[in-house]
Amino acid sequence: EIIWFGAAAAMFLAAWKTKSDWVRASLAGFALSILAIRVLAVLPSWWLYYAEGTLDWGGQGCAEIDLQCIKQTIKDSVVVVQNAVILGALVVGFIIWQKKFPKQLAPGESKPEATGGYK
């Protein structure tokens, strides 16, 4: 996992420093896809595997409220909270990236007149 996160960080750094919009977008998109897959799929999967195998918090539903049912609820809640936090962080990251790199007109290109939609 460290190698994957390192590769994503290196691509983000390269995208941050490049001047070409297309290269920046490609590198950032690829890095973001690696990061998103790892933190939204691989890490929750690892947690569920660990909680069910090592901690013995497994099971498929509860027939009555007991300690095993509470453990299952905690196990699943960890994944839900983790994914909510990560998705929120991705949205904040998108906003920061867009404010840092706003779309620029090409040299010599004039800004089109705003028409208000279809005519």
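Owing to the predicted nature of the structure, the values given are computational and were not obtained by experimental measurement.

Draft legend 1. View of the overall build of the protein. When helices and strands are counted, the protein shows three helices and zero strands. In the protein, the order of α-helices and β-strands from amino to carboxyl end is α-α-α. The C-alpha extent of the protein, read off along each of the three principal axes, is 70 × 40 × 20 Å. For the protein, the residues scored as buried account for 21% of the 119 residues in total. Intrachain contacts of the protein at a sequence separation of at least 6 include 51% that bridge at least 24 residues. Carbon and sulfur atoms provide 67% of the accessible area of the protein, an area that totals close to 9,100 Å².

Draft legend 2. View of the packing of aromatic side chains. Overall, the coordinates contain seven aromatic pairs when judged by the stated rule. Measuring from centroid to centroid gives 5.6 Å for Trp16 and Trp97, while their planes differ by 70°, and the two rings are edge-to-face. Within this pair, whereas Trp16 is found in helix H1 (residues 2-17), its partner Trp97 is found in helix H3 (residues 67-100), the two being separated by 81 residues in sequence. When its relative accessible area of 40% is taken as the criterion, Trp16 is described as partly exposed. Ring geometry for Trp47 versus Tyr50: centroids 6.2 Å apart, planes at 40°, classification tilted. Note that Trp47 and Tyr50 are positioned in helix H2 (residues 21-53) at a spacing of three residues, about one turn of the helix. An aromatic cluster of three or more residues is present, and its members are Phe12, Trp16, Trp97 and Phe101. Residue placement shows Lys100 over the ring face of Phe101; its charged tip is 5.9 Å from the ring centre.

Draft legend 3. Local environment of the packing of H1 against H2. Contact geometry for H1 and H2: axes closest at 8 Å, N-to-C directions at 155°. One finds that H1 runs roughly antiparallel with respect to H2. Handedness of the crossing formed by H1 with H2: left-handed. Contacts from Trp4, Phe5, Ala8, Met11, Phe12, Ala14 and Ala15 in H1 reach Arg24, Leu27, Ala28, Phe30, Ala31, Leu32, Ile34, Leu35, Arg38, Val39 and Leu43 in H2.

The rules behind each value
Residues numbered from 1 in each chain as written. Predicted model: local features only at pLDDT ≥ 70, side-chain atom pairs only at ≥ 80, totals over all residues. Heavy atoms only, no water. Helix = DSSP H or I, 4+ residues; strand = E, 2+ residues; numbered from the N terminus. Buried < 20%, exposed > 50% of the residue type's maximum accessible area, 1.4 Å probe, protein only. Contact = heavy atoms within 4.5 Å. Areas by Shrake-Rupley, 256 points an atom, 1.4 Å probe, with all protein chains shown as cover. Phe/Tyr/Trp six-rings, centres within 6.5 Å; stacked < 30°, edge-to-face > 60°. Lys NZ or Arg CZ within 6 Å of the ring centre and 35° of its normal. Axes fitted to C-alpha atoms, helices over the stretch in contact; angles between N-to-C directions. Parallel < 35°, antiparallel > 145°, perpendicular 65-115°, else oblique. Left-handed = near helix turned anticlockwise from the far one by under 90°.

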